[in-house]
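Residue-level structure breakdown
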Amino acid sequence: MINFNVPPYTGKEVEYMKEAIENQKICGDGPFTKKCNEWIEEETGTAKCLLTTSCTHATEMAAFLADIKEGDEVILPSYTFVSTANAFVLRGAKAVFVDIRPDTMNIDEKLIEDAITERTRAIAPVHYAGVGCEMDEIMDIAKRHNLAVIEDAAQGIMASYKGKALGTFGEFGCFSFHETKNFSMGEGGALLIRDKENIEAAEILREKGTDRSKYYRGQVDKYRWQNYGSSYLPSDLNAAYLYAQLELAQEITQARLARWEQYKELLTPLEKEGKIELPFIPEHCTHNAHMFYIKTKDMDERSRLIEYLKKKEILSVFHYIPLHSAPAGIKYGRFHGEDKYTTKESERILRLPMFYKLTADEVEYITEQIKEFYKYEA
Ligand SMILES: *Cc1c(COP(=O)(O)O)cnc(C)c1O
């Protein structure tokens, strides 16, 4: 059976976790958390990175830090994971969904401005499949309307837009290290903070509302309750696991990109015949091979292909029931404008196996089975 996902594993994770135990520092903000934060700061160029317990939590922190309140509106795509919306809905804001571009499946930047009202406070673009949204346009709109930008870069580590790392454009960027992502710590994430003046508030929010981070650095002699807060820091055991993978980030990314290119090359004939569509990467975007997907003719064809591949021992999956059509989306959000592509494209997308140790032989086998299936499709 070829699984859809196999969590990344390099072999060094256990050694580092053992080291964390021997450090006698397994709570949050130990040596490995620091190493991960610094690694991400170096790699992305962000002013500050704080490891979190998930991308969901990083986004929640961003919603707090951007001071999103009851009655505010936040613009985001409906084609995304629930966490993008939850973070703002938890603050009492309304999710205002706009349509996606069918080529990248990212929010259509040209539709954002029309969705802005006097209640709009933020835009939350999602870099789907690690392919950048049109950040020049989005940042320009945000600037003109005085809106915060919170990037859901859950899938976007090691990817860039015009040479700049995803997650570093807006005030806040959020990474995920869930086991389905390119690098993992089981459950985990990171908050990227663009502006130095927001760092202290983020540290306090993440450390139960206290200035414990300052205390650890010796900047204050005792730590106290400074503001409302929660606990968003992961154990150093998990950070140790992640660090083993960040050290090999280039190698892991290159391995994934090689399989991605192979899929693309082997499936291009089917695309030329008009049977399927393949992902599109804009010239100014460098992606990270987070995902390889194809688009079938419609939902019915997709269901049959999933079944066919399952019989050939290949697991393929689809995702995102558009948020605006889900019970909570109806309650907490609204779709602005026409749903031209969100629903239609979400019904055609099919994700193929993609993980660090996927082999060239496996990709060849998978693409052969897809070609076999389409021999009999009109
Ligand atoms: C994975 C993912 C998340 C959630 O990440 P967690 O770390 O599991 O909280 C949020 N948004 C998108 C687009 C994702 O792919």
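Relevant structure appears above.
In this numbering scheme, every chain counts its residues from 1 along its sequence in written order. Restriction of local features to residues with pLDDT of at least 70 applies here, the model being predicted, together with a cutoff of 80 or more for giving and counting side-chain atom pairs; totals for whole chains, interfaces and linings are based on all residues. Side-chain descriptors were evaluated using all non-hydrogen atoms of the structure, hydrogens and water having been removed beforehand.

A closer look at the overall build of the protein chain
The line we're drawing: A helix here means a DSSP run of H or I that spans at least four residues, while a strand means a run of E at least two residues long, and both kinds are numbered starting from the N terminus. For a compact globule the rule gives 2.2 Å times the number of residues to the power 0.38, and the radius of gyration it is set against comes from C-alpha atoms. Each residue's exposure class comes from its accessible area (1.4 Å probe, protein chains only) as a fraction of the maximum for that residue type: buried when under 20%, exposed when over 50%, partly exposed otherwise. Residue exposure ignores everything except the shown protein chains as possible cover, and the areas themselves are Shrake-Rupley values with a 1.4 Å probe. Positive charges come from Lys and Arg, negative ones from Asp and Glu, while His and the chain ends are left out of the count. Here the site of a charge means NZ on Lys, CZ on Arg, CG on Asp, or CD on Glu.
The helix and strand tally for the protein chain stands at 13 helices and 13 strands. Computed over C-alpha atoms, the radius of gyration of the protein chain comes to 21 Å, within 12% of the 21 Å expected from 2.2 N^0.38 for 378 residues, which places it in the range of a compact globule. Counting only C-alpha atoms and orienting by the principal axes, one finds that the protein chain spans roughly 75 × 55 × 35 Å. Counting the 378 residues in the protein chain, one finds 54% classified as buried. For the protein chain, the exposed surface amounts to about 16500 Å²; the carbon and sulfur share of it is 51%. For the protein chain, the distance from the average position of its 48 positive side-chain charges to the average position of its 61 negative side-chain charges is 2 Å.

Considerations on the sheet that holds strand E2 (residues 73-77)
Note the following rule: For two strands to be treated as a pair, DSSP must find no fewer than two bridges joining them. Axes here mean lines fitted to C-alpha atoms, for a helix over just the part in contact, with angles spanning 0 to 180 degrees between N-to-C directions.
Pairing within the open sheet is mixed, and its 8 strands lie in the order E1-E9-E8-E5-E4-E2-E3-E12. In the strand order of this sheet, the two ends are held by strand E1 (48-52) and strand E12 (333-335), each with one partner. Adjacent strand axes in the sheet meet at a mean angle of 25° when their direction is disregarded. Where strand E5 (residues 148-152) lies against strand E8 (residues 172-176), 3 bridges are found, and the strand directions are parallel. From the neighbouring strand, Ile150 faces E8, where its bridge partner is Phe172.

Considering the site of the ligand
Here is the rule we go by: Residues are counted as near a molecule or strand when any one of their heavy atoms sits within 4 Å of it. What qualifies as a polar contact is a pair of N or O atoms within 3.5 Å, subject to a donor-acceptor requirement within protein and to the restriction that residues adjacent in sequence count only when both atoms come from side chains. Gly falls in the polar group here, along with every residue not listed as nonpolar (Ala, Val, Leu, Ile, Met, Phe, Trp, Tyr, Cys, Pro) or charged (Asp, Glu, Lys, Arg).
The environment of the ligand is made up of 13 residues, and the closest members are Thr56, Asp152, Gln155, Ser176 and Lys181. At a separation of 2.7 Å, an oxygen atom of the ligand approaches a polar side-chain atom of Ser176. Within the complex, the protein chains bury 92% of what would otherwise be the 390 Å² of accessible surface of the ligand. Residue composition of the shell around the ligand, by class: 5 nonpolar, 6 polar and 2 charged.

Describing the environment of Leu65
Our working rule: Every residue pair with non-hydrogen atoms within 4.5 Å of one another is taken to be in contact.
Its location among the elements puts Leu65 in helix H3 (residues 55-65). When the C-alpha atoms of Leu65 and Ile199 are compared, they prove to be 9.8 Å apart, with 134 residues separating the residues in sequence. Residues in contact with Leu65, not counting those within four places in the same chain, are Phe172, Leu191, Ala201, Ala202 and Leu205.

A word on the pairing of strand E9 (residues 189-193)
With 5 of 5 residues buried, E9 lies mostly within the body of the structure. Sheet analysis places E1 next to E9, joined by 5 bridges and oriented antiparallel. From the neighbouring strand, Lys48 faces E9, where its bridge partner is Ile193. One ladder, built from 5 bridges, connects E8 with E9; its direction is antiparallel. Looking across to E9, one finds that Ser176 is bridged to Gly189.

A closer look at unusual backbone geometry
Positive phi is not limited to glycine here, since Gln24 has a value of about 55°. Looking at where Gln24 falls in the secondary structure, it is placed in the loop between helix H1 (13-22) and helix H2 (31-44). Among the residues examined, Gln24 registers a relative accessible area of 73% and is labelled exposed. One non-glycine residue, Lys208, lies in positive phi territory at about 60°. By the secondary structure assignment, Lys208 is in the loop between helix H6 (199-206) and helix H7 (212-216).

Re helix H13 (residues 360-375)
Defined as follows: Expected helix span is taken as 1.5 Å per residue step, with the number of steps being one fewer than the number of residues. As used here, the arc belongs to the directions running from the helix axis to the C-beta atoms.
Between the first and last C-alpha of H13 there are 23 Å, a value that for 16 residues agrees with the 22 Å anticipated at 1.5 Å per step. The set of residues buried in H13 consists of Val363, Ile366, Thr367, Gln369, Ile370, Phe373 and Tyr374. One face of H13 carries all of its buried residues, which in axial projection span an arc of 155°. Relative to its buried face, H13 has exposed residues pointing more than 90 degrees away, namely Asp361 and Lys375.

A few points about the side chain of Glu301
Secondary-structure assignment places Glu301 in helix H10 (residues 299-311). Residue class for Glu301 comes out buried when judged on its relative accessible area of 1%. Contacts of Glu301, omitting those with residues within four sequence positions, involve Lys275, Thr296, Phe373, Tyr374 and Glu377.

Observations regarding the side chain of Arg348
The residue Arg348 is located in the loop between helix H12 (342-346) and strand E13 (349-352) in this model. Residue classification places Arg348 among the buried residues on the basis of a relative accessible area of 10%. A polar contact of 2.8 Å, which involves the side chain of Arg348, links it to the side chain of Glu277. Side-chain polar atoms of Arg348 contact the backbone oxygen of Thr296, separated by 2.8 Å. Those residues within four positions of Arg348 in sequence are excluded, and the remaining contacts are Glu277, Ile294, Lys295, Thr296, Lys297, Asp298 and Arg302.

Just geometry here; none of it tells us what the structure is for.
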